[in-house]
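# Structure at a glance
Next come the chains, spelled out residue by residue.
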Amino acid sequence: MADQALRKAPLAGRHGGSSGARVTPAGPATRLALRAGSDAIGTLSLAFGLELPQRPKTSASVTGRHALWLGPDEWLLIDENGADLLGIASGVSALHSATDVSHRNTTILVSGPDAAAAIAAACPLDLGTSVFPVGAAARTVLGKIEIVLLRTGKEDYRVECWRSFSPYAFGMLVEGAEDAGL
Amino acid sequence: MLLIYCPYCEEERSELEFRHGGDAHVARPTNMADISDEEFQEFFFLRDNPKGLIFERWRHIHGCGRFFNAARDTVSDKFYRSYKAGEPKPDIPGVTTATEKTVETYEATEGTAK
Ligand SMILES: [Zn+2]
(Lines give C-alpha, C1' and ligand atoms only; values in the text may rest on other atoms or scores of the structure.)
Protein backbone atom coordinates (compact mmCIF):
# COMPACT_ATOMS: atom_id res chain seq x y z
CA MET A 1 0.00 0.00 0.00
CA ALA A 2 1.30 3.42 -0.88
CA ASP A 3 2.03 5.49 2.18
CA GLN A 4 1.46 8.77 0.44
CA ALA A 5 -1.51 9.94 -1.63
CA LEU A 6 -0.48 11.42 -4.95
CA ARG A 7 -2.26 14.39 -6.44
CA LYS A 8 -3.00 13.76 -10.09
CA ALA A 9 -3.95 16.48 -12.56
CA PRO A 10 -7.42 15.58 -13.84
CA LEU A 11 -6.56 15.93 -17.53
CA ALA A 12 -2.88 15.00 -17.43
CA GLY A 13 -1.46 13.98 -20.79
CA ARG A 14 -4.53 14.87 -22.82
CA HIS A 15 -4.33 16.91 -25.96
CA GLY A 16 -6.61 17.49 -28.87
CA GLY A 17 -8.35 19.91 -31.13
CA SER A 18 -7.69 20.89 -34.69
CA SER A 19 -5.33 23.10 -36.64
CA GLY A 20 -7.76 25.96 -36.00
CA ALA A 21 -8.36 25.42 -32.27
CA ARG A 22 -5.93 23.77 -29.87
CA VAL A 23 -7.46 22.24 -26.75
CA THR A 24 -5.02 21.73 -23.86
CA PRO A 25 -5.26 21.27 -20.10
CA ALA A 26 -3.98 24.34 -18.23
CA GLY A 27 -1.45 24.03 -15.43
CA PRO A 28 -2.56 24.01 -11.80
CA ALA A 29 -3.79 27.26 -10.24
CA THR A 30 -5.18 28.45 -6.94
CA ARG A 31 -8.80 29.58 -6.98
CA LEU A 32 -11.10 31.39 -4.64
CA ALA A 33 -14.89 31.70 -4.62
CA LEU A 34 -15.35 35.17 -3.17
CA ARG A 35 -18.56 36.81 -1.94
CA ALA A 36 -18.65 40.33 -0.55
CA GLY A 37 -20.87 43.38 -0.29
CA SER A 38 -20.02 46.62 -2.05
CA ASP A 39 -18.54 48.12 1.14
CA ALA A 40 -15.78 45.47 1.23
CA ILE A 41 -14.76 45.70 -2.44
CA GLY A 42 -12.17 48.43 -1.89
CA THR A 43 -10.37 46.63 0.93
CA LEU A 44 -10.44 43.29 -0.88
CA SER A 45 -9.17 44.86 -4.12
CA LEU A 46 -6.27 46.37 -2.23
CA ALA A 47 -5.42 43.04 -0.60
CA PHE A 48 -5.54 41.04 -3.84
CA GLY A 49 -3.69 43.69 -5.82
CA LEU A 50 -6.34 44.09 -8.50
CA GLU A 51 -9.59 45.98 -8.83
CA LEU A 52 -12.51 43.57 -8.28
CA PRO A 53 -14.72 44.18 -11.34
CA GLN A 54 -18.24 45.47 -10.66
CA ARG A 55 -19.75 45.31 -14.12
CA PRO A 56 -21.38 42.17 -15.59
CA LYS A 57 -19.16 39.97 -17.77
CA THR A 58 -15.93 41.78 -16.89
CA SER A 59 -12.65 40.70 -15.30
CA ALA A 60 -9.40 42.17 -14.05
CA SER A 61 -6.00 40.56 -14.58
CA VAL A 62 -2.56 41.31 -13.16
CA THR A 63 0.42 39.00 -13.84
CA GLY A 64 -1.34 35.66 -13.85
CA ARG A 65 -3.95 36.64 -11.28
CA HIS A 66 -7.53 37.06 -12.47
CA ALA A 67 -10.70 38.31 -10.80
CA LEU A 68 -13.85 37.38 -12.70
CA TRP A 69 -17.26 38.98 -12.08
CA LEU A 70 -19.75 36.14 -11.63
CA GLY A 71 -22.62 37.99 -9.96
CA PRO A 72 -23.38 41.32 -8.25
CA ASP A 73 -21.51 40.22 -5.08
CA GLU A 74 -19.60 37.21 -6.37
CA TRP A 75 -16.19 36.70 -7.97
CA LEU A 76 -13.95 33.85 -9.02
CA LEU A 77 -10.29 34.56 -8.33
CA ILE A 78 -7.65 32.55 -10.14
CA ASP A 79 -3.91 32.70 -9.56
CA GLU A 80 -1.85 30.87 -12.17
CA ASN A 81 1.28 31.28 -10.03
CA GLY A 82 -0.26 29.38 -7.15
CA ALA A 83 -0.37 32.28 -4.68
CA ASP A 84 -2.12 31.59 -1.38
CA LEU A 85 -5.35 33.46 -2.15
CA LEU A 86 -7.12 32.15 0.93
CA GLY A 87 -4.25 33.39 3.06
CA ILE A 88 -4.66 36.86 1.56
CA ALA A 89 -8.43 36.79 2.14
CA SER A 90 -8.00 35.71 5.76
CA GLY A 91 -5.99 38.88 6.39
CA VAL A 92 -8.90 41.10 5.34
CA SER A 93 -11.14 42.17 8.19
CA ALA A 94 -13.91 43.61 5.98
CA LEU A 95 -16.90 41.27 5.91
CA HIS A 96 -16.62 38.71 3.12
CA SER A 97 -16.83 35.01 2.43
CA ALA A 98 -13.96 33.18 0.74
CA THR A 99 -13.80 29.50 -0.14
CA ASP A 100 -10.76 27.79 -1.60
CA VAL A 101 -11.91 25.99 -4.75
CA SER A 102 -8.43 25.42 -6.24
CA HIS A 103 -8.97 21.68 -6.63
CA ARG A 104 -12.68 21.79 -7.33
CA ASN A 105 -12.03 23.37 -10.69
CA THR A 106 -9.67 22.66 -13.50
CA THR A 107 -9.03 24.68 -16.62
CA ILE A 108 -8.97 23.85 -20.30
CA LEU A 109 -7.29 26.28 -22.68
CA VAL A 110 -8.80 26.75 -26.11
CA SER A 111 -6.66 28.73 -28.56
CA GLY A 112 -6.54 29.52 -32.24
CA PRO A 113 -8.60 31.19 -34.96
CA ASP A 114 -11.43 28.65 -34.48
CA ALA A 115 -11.37 28.80 -30.66
CA ALA A 116 -14.65 30.70 -30.36
CA ALA A 117 -16.33 28.36 -32.84
CA ALA A 118 -15.09 25.33 -30.90
CA ILE A 119 -16.58 26.66 -27.65
CA ALA A 120 -19.77 27.83 -29.37
CA ALA A 121 -20.38 24.23 -30.46
CA ALA A 122 -21.79 23.63 -26.98
CA CYS A 123 -22.04 27.07 -25.35
CA PRO A 124 -25.02 29.41 -25.94
CA LEU A 125 -23.13 32.57 -24.98
CA ASP A 126 -22.62 35.17 -27.73
CA LEU A 127 -18.83 35.18 -28.23
CA GLY A 128 -18.76 38.01 -30.77
CA THR A 129 -15.96 40.49 -30.10
CA SER A 130 -18.35 43.41 -29.54
CA VAL A 131 -20.16 41.65 -26.68
CA PHE A 132 -17.43 39.31 -25.45
CA PRO A 133 -14.14 41.17 -25.94
CA VAL A 134 -10.73 40.21 -24.56
CA GLY A 135 -11.08 40.25 -20.76
CA ALA A 136 -14.76 39.33 -20.81
CA ALA A 137 -15.81 36.58 -18.42
CA ALA A 138 -19.05 34.79 -17.61
CA ARG A 139 -20.49 31.80 -15.87
CA THR A 140 -22.51 29.89 -18.45
CA VAL A 141 -23.06 26.35 -19.71
CA LEU A 142 -21.13 24.01 -22.01
CA GLY A 143 -23.32 21.16 -23.14
CA LYS A 144 -24.73 19.66 -19.96
CA ILE A 145 -22.33 21.29 -17.49
CA GLU A 146 -21.70 24.70 -15.98
CA ILE A 147 -18.47 26.48 -16.88
CA VAL A 148 -16.81 29.84 -16.30
CA LEU A 149 -15.42 31.28 -19.48
CA LEU A 150 -12.66 33.91 -19.64
CA ARG A 151 -11.41 35.41 -22.85
CA THR A 152 -7.67 35.96 -22.30
CA GLY A 153 -6.73 36.96 -25.83
CA LYS A 154 -8.07 37.57 -29.31
CA GLU A 155 -7.99 33.83 -29.97
CA ASP A 156 -7.52 32.51 -26.44
CA TYR A 157 -10.04 31.31 -23.87
CA ARG A 158 -9.88 29.72 -20.42
CA VAL A 159 -12.68 27.27 -19.76
CA GLU A 160 -13.05 26.64 -16.03
CA CYS A 161 -15.05 23.56 -15.13
CA TRP A 162 -15.50 21.27 -12.17
CA ARG A 163 -12.78 18.65 -11.92
CA SER A 164 -15.07 15.63 -12.19
CA PHE A 165 -16.72 17.09 -15.30
CA SER A 166 -13.43 17.86 -17.03
CA PRO A 167 -13.22 14.72 -19.23
CA TYR A 168 -16.68 15.60 -20.54
CA ALA A 169 -15.75 19.25 -21.10
CA PHE A 170 -12.49 18.27 -22.78
CA GLY A 171 -14.21 15.80 -25.09
CA MET A 172 -16.89 18.34 -25.95
CA LEU A 173 -14.33 21.04 -26.79
CA VAL A 174 -12.20 18.65 -28.87
CA GLU A 175 -15.32 17.63 -30.77
CA GLY A 176 -16.22 21.30 -31.26
CA ALA A 177 -12.71 22.11 -32.45
CA GLU A 178 -12.80 19.29 -34.99
CA ASP A 179 -16.23 20.38 -36.23
CA ALA A 180 -15.10 24.01 -36.48
CA GLY A 181 -12.25 22.94 -38.76
CA LEU A 182 -14.50 21.21 -41.26
CA MET B 1 -33.52 29.36 -28.55
CA LEU B 2 -35.50 31.44 -26.06
CA LEU B 3 -33.59 34.45 -24.78
CA ILE B 4 -34.33 35.83 -21.32
CA TYR B 5 -33.23 39.28 -20.19
CA CYS B 6 -31.41 39.15 -16.84
CA PRO B 7 -31.72 42.49 -15.00
CA TYR B 8 -28.46 41.84 -13.14
CA CYS B 9 -26.39 40.80 -16.18
CA GLU B 10 -28.19 43.55 -18.12
CA GLU B 11 -28.50 41.48 -21.27
CA GLU B 12 -30.39 38.65 -22.89
CA ARG B 13 -29.02 35.19 -22.22
CA SER B 14 -30.00 31.71 -23.33
CA GLU B 15 -32.85 29.99 -21.50
CA LEU B 16 -30.38 27.16 -20.81
CA GLU B 17 -28.80 29.32 -18.10
CA PHE B 18 -32.09 29.90 -16.24
CA ARG B 19 -34.37 28.04 -13.91
CA HIS B 20 -38.02 28.78 -13.19
CA GLY B 21 -38.87 29.65 -9.59
CA GLY B 22 -42.66 29.70 -9.32
CA ASP B 23 -45.04 32.63 -8.79
CA ALA B 24 -43.62 36.01 -7.85
CA HIS B 25 -45.08 38.46 -5.33
CA VAL B 26 -46.38 35.76 -2.99
CA ALA B 27 -46.32 37.59 0.33
CA ARG B 28 -45.20 35.44 3.24
CA PRO B 29 -47.49 36.06 6.23
CA THR B 30 -45.70 37.86 9.02
CA ASN B 31 -47.86 36.11 11.62
CA MET B 32 -47.14 32.59 10.39
CA ALA B 33 -47.76 30.92 13.75
CA ASP B 34 -51.23 32.48 14.09
CA ILE B 35 -52.79 31.77 10.71
CA SER B 36 -55.27 28.98 10.14
CA ASP B 37 -54.55 25.85 8.11
CA GLU B 38 -56.75 27.24 5.33
CA GLU B 39 -54.83 30.49 5.25
CA PHE B 40 -51.54 28.59 5.22
CA GLN B 41 -52.81 26.40 2.39
CA GLU B 42 -53.78 29.51 0.45
CA PHE B 43 -50.32 31.03 0.92
CA PHE B 44 -48.24 27.91 0.50
CA PHE B 45 -49.96 25.71 -2.08
CA LEU B 46 -52.60 27.55 -4.04
CA ARG B 47 -51.62 29.37 -7.23
CA ASP B 48 -53.77 30.94 -9.94
CA ASN B 49 -52.15 29.20 -12.94
CA PRO B 50 -53.46 31.93 -15.28
CA LYS B 51 -53.71 31.65 -19.03
CA GLY B 52 -51.82 34.63 -20.40
CA LEU B 53 -49.94 37.15 -18.28
CA ILE B 54 -48.12 35.78 -15.25
CA PHE B 55 -45.50 37.23 -12.89
CA GLU B 56 -42.88 34.69 -11.98
CA ARG B 57 -39.60 34.27 -10.17
CA TRP B 58 -36.71 33.17 -12.30
CA ARG B 59 -33.14 32.39 -11.36
CA HIS B 60 -30.10 32.98 -13.56
CA ILE B 61 -28.61 29.91 -11.95
CA HIS B 62 -25.90 29.19 -14.54
CA GLY B 63 -25.05 32.89 -14.89
CA CYS B 64 -24.97 35.49 -12.15
CA GLY B 65 -26.91 33.19 -9.82
CA ARG B 66 -29.48 35.86 -8.94
CA PHE B 67 -33.25 35.50 -8.52
CA PHE B 68 -35.32 38.07 -10.40
CA ASN B 69 -38.93 38.46 -11.50
CA ALA B 70 -40.39 38.36 -14.98
CA ALA B 71 -43.73 39.00 -16.66
CA ARG B 72 -44.40 36.21 -19.14
CA ASP B 73 -47.26 34.98 -21.30
CA THR B 74 -48.08 31.37 -20.46
CA VAL B 75 -49.57 30.78 -23.90
CA SER B 76 -46.97 32.29 -26.23
CA ASP B 77 -44.02 31.95 -23.80
CA LYS B 78 -43.17 35.57 -24.61
CA PHE B 79 -41.26 37.39 -21.89
CA TYR B 80 -42.74 40.89 -21.62
CA ARG B 81 -40.05 42.15 -19.27
CA SER B 82 -37.85 41.15 -16.35
CA TYR B 83 -37.12 43.22 -13.27
CA LYS B 84 -35.01 42.94 -10.15
CA ALA B 85 -36.26 41.12 -7.08
CA GLY B 86 -37.94 43.54 -4.68
CA GLU B 87 -39.22 45.87 -7.41
CA PRO B 88 -43.01 46.27 -7.68
CA LYS B 89 -45.12 44.39 -10.20
CA PRO B 90 -44.83 46.43 -13.41
CA ASP B 91 -47.66 47.45 -15.71
CA ILE B 92 -47.48 45.65 -19.02
CA PRO B 93 -49.12 48.04 -21.52
CA GLY B 94 -51.84 46.47 -23.60
CA VAL B 95 -51.81 43.24 -21.63
CA THR B 96 -54.38 42.44 -19.00
CA THR B 97 -54.34 39.78 -16.36
CA ALA B 98 -56.56 36.79 -17.03
CA THR B 99 -59.92 36.85 -15.30
CA GLU B 100 -62.31 34.06 -14.42
CA LYS B 101 -63.98 34.64 -17.77
CA THR B 102 -60.81 34.25 -19.81
CA VAL B 103 -59.32 31.38 -17.83
CA GLU B 104 -60.14 27.99 -19.25
CA THR B 105 -61.01 25.83 -16.29
CA TYR B 106 -61.13 22.06 -16.30
CA GLU B 107 -64.79 22.25 -15.47
CA ALA B 108 -65.50 24.45 -18.49
CA THR B 109 -63.49 22.57 -21.07
CA GLU B 110 -63.06 18.98 -19.92
CA GLY B 111 -65.54 18.56 -17.12
CA THR B 112 -68.18 16.93 -19.24
CA ALA B 113 -65.84 15.14 -21.59
CA LYS B 114 -66.69 11.48 -21.71
ZN1 LIG C 1 -27.74 37.24 -14.62
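Residues numbered from 1 in each chain as written. Chains lettered and ligands numbered in written order. Predicted model: local features only at pLDDT ≥ 70, side-chain atom pairs only at ≥ 80, totals over all residues. Heavy atoms only, no water.

In the nomenclature of an unreviewed UniProt entry, chain B is known as Sarcosine oxidase subunit delta of Shinella curvata.

An unreviewed UniProt entry lists chain A under the name Sarcosine oxidase subunit gamma, with Shinella curvata given as the organism.

## Brief notes about the interface of chain B and chain A
Formally: We call two residues in contact whenever any of their non-hydrogen atoms come within 4.5 Å of each other. Accessible area, probed at 1.4 Å, shrinks when two parts are joined; the buried area is that loss added up over both. For this document, the term salt bridge refers to a Lys or Arg side-chain nitrogen within 4 Å of an Asp or Glu carboxyl oxygen. For the purposes of these results, a polar contact is taken to be a pair of N or O atoms within 3.5 Å, where, inside protein, one atom must be able to donate a hydrogen and its partner to accept one; residues adjacent in sequence count only when each atom of the pair is a side-chain atom. Residue classes follow a fixed rule: Ala, Val, Leu, Ile, Met, Phe, Trp, Tyr, Cys and Pro count as nonpolar, while Asp, Glu, Lys and Arg count as charged, and any other residue, Gly among them, counts as polar.
At the interface, 15 residues of chain B touch 17 residues of chain A. Around 1,100 Å² of area is buried between chain B and chain A when both sides are counted, 49% of it from carbon and sulfur atoms. Three residues, B:Arg13, B:His62 and B:Arg66, lead the burial of chain B against chain A; their summed loss comes to 38% of the area buried on that side. Linking chain B with chain A are four salt bridges. Inspection of the chain B/chain A interface yields nine residue pairs in polar contact (both at pLDDT 80 or more). Considering only residue class, the side of chain B that touches chain A consists of six nonpolar, four polar and five charged.

## Some details on the sheet that holds strand β6 (residues 74-79) of chain A
Hydrogen bonding along the main chain pairs the strands of a sheet, whether they run parallel or antiparallel. Residue and element names in this part refer to chain A. Heads up, the rule is: For two strands to be treated as a pair, DSSP must find at least two bridges joining them. Per the convention used, a helix needs a DSSP run of H or I reaching at least four residues, while a strand needs a run of E reaching at least two, with both numbered from the N terminus. Angles shown run from 0 to 180 degrees and are taken between the N-to-C directions of axes, each axis being a line fitted to C-alpha atoms and, for helices, limited to the stretch in contact.
Pairing in this open sheet of five strands is antiparallel, and the strands run β4-β5-β6-β3-β7 from one edge to the other. Edge positions in the open sheet fall to β4 (59-62) and β7 (96-100), since each of these has one partner strand only. On average, each strand axis in the sheet is tilted by 20° relative to the strand beside it, whichever way the strands run. Pairing analysis gives six bridges linking strand β3 (residues 30-36) to β6, with the strands arranged antiparallel. Considered in β6, the bridge of Arg31 is made with Ile78. In the packing of helix α1 (residues 41-48) onto the sheet, the strands contacted are β3, β5 (65-71), β6 and β7, and the crossing angle to β3 comes to about 165°.

## Remarks on unusual backbone geometry
Across residues other than glycine, the phi torsion is negative in most instances, and most of the peptide bonds are trans. Going by this rule: Relative accessibility decides the category of a residue: with a 1.4 Å probe and only protein chains considered, values under 20% of the type maximum give buried, values over 50% give exposed, and everything between is partly exposed.
For A:Lys57, which is not a glycine, the phi torsion comes out positive at approximately 65°. The residue A:Lys57 is located in the loop between α1 and β4 in this model. You will see that B:His25, though not glycine, has its phi angle at about 60°, which is positive. With respect to the secondary-structure elements, B:His25 resides in the loop between β3 (19-23) and α1 (37-44). The partly exposed category is assigned to B:His25, whose relative accessible area is 36%.

## Looking at helix α4 (residues 166-180) of chain A
All names here are of chain A. Keep this limit in mind: Multiply 1.5 Å by the residue count of a helix minus one, and that product is the helix's expected span. Read the arc as the range of directions from the helix axis to the C-beta atoms.
Look at α4: 20 Å from first C-alpha to last across 15 residues, which is about the 21 Å you get at 1.5 Å a residue. Listed as buried for α4 are Ser166, Ala169, Phe170, Leu173, Val174, Gly176 and Ala177. Along the axis of α4, the buried residues cluster in a sector spanning 160°; they form a single face.

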